[in-house]
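Summary of structural features
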Amino acid sequence: MRPGAAKIFRPVHAVIAGTLALLCMTLGAYLLVASNLRQSTLAQAEKALQRHSLTLAEEADRSFKSLDLLLASVEDYLESKVPALDLSTNRAATAFETHLFLRDQLKGMPQVEAITIINPDGKLLNFSRYWPIPEVNISDRDYFKMLSANSDLRT
């Protein structure tokens, strides 16, 4: 080999090595930025989900509070019309006036589909959906049995 030939290859090797080093540094910087961006995006998404969860929990709480107020209103109405809440013998619970009251209570309550008055024997006494009330007995249904077995519940 000629002495001048070795000098020609050295700058080429240096350029290749420099290009590879620059490529590795660029790739490393890209990976670092991508990793930081990923962490930042995940943190932002987690904060957004926490805000949405809190908002939904508050909305659900308000819905249940409005439902409690609705039940209290129906209970007060029935107590004023039906002495000692004897729903089995009193006709006020089955009256058309009570149906109109139940239907009016649903206004502004999109989360409630219907209000139903059922006596302790499982007989449907009144209903907010339509009039006249059909002959329905739900005493054989699991939810009625479970709710009837719990003496702590009032409504």
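Residues numbered from 1 in each chain as written. Predicted model: local features only at pLDDT ≥ 70, side-chain atom pairs only at ≥ 80, totals over all residues. Heavy atoms only, no water.

1. A short note on unusual backbone geometry
For the bond running from Trp131 to Pro132, omega is 0°, close enough to zero to count as cis. Topologically, Pro132 is positioned in the loop between β2 (124-127) and α3 (142-149). (Helix = DSSP H or I, 4+ residues; strand = E, 2+ residues; numbered from the N terminus.)

2. Comments concerning the pattern of salt bridges
Evaluation of the coordinates by the stated rule reveals four salt bridges. A salt bridge links Arg62 to Glu59; the nearest nitrogen and oxygen atoms lie 3.0 Å apart. Taken together, the residues span about one helical turn, with Arg62 and Glu59 both in helix α1 (residues 3-81) at a distance of three residues. By relative accessible area, Arg62 is classed as partly exposed at 48%. A relative accessible area of 41% places Glu59 in the partly exposed class. The partner of Asp104 in a salt bridge is Lys107, and the shortest N-O contact between them spans 3.5 Å. (Salt bridge = Lys/Arg side-chain N within 4 Å of Asp/Glu carboxyl O. Buried < 20%, exposed > 50% of the residue type's maximum accessible area, 1.4 Å probe, protein only.)

3. Brief notes about the packing of aromatic side chains
In the structure shown here, the tally under the stated rule is three aromatic pairs. Centroid distance Tyr77 to Phe101: 4.0 Å. Interplanar angle 10°. Geometry classified as stacked. With Tyr77 in helix α1 and Phe101 in helix α2 (residues 96-105), this pair connects stretches of sequence that are 24 residues apart. Neither residue differs from the other here; Tyr77 and Phe101 are each classed as buried. (Phe/Tyr/Trp six-rings, centres within 6.5 Å; stacked < 30°, edge-to-face > 60°.)

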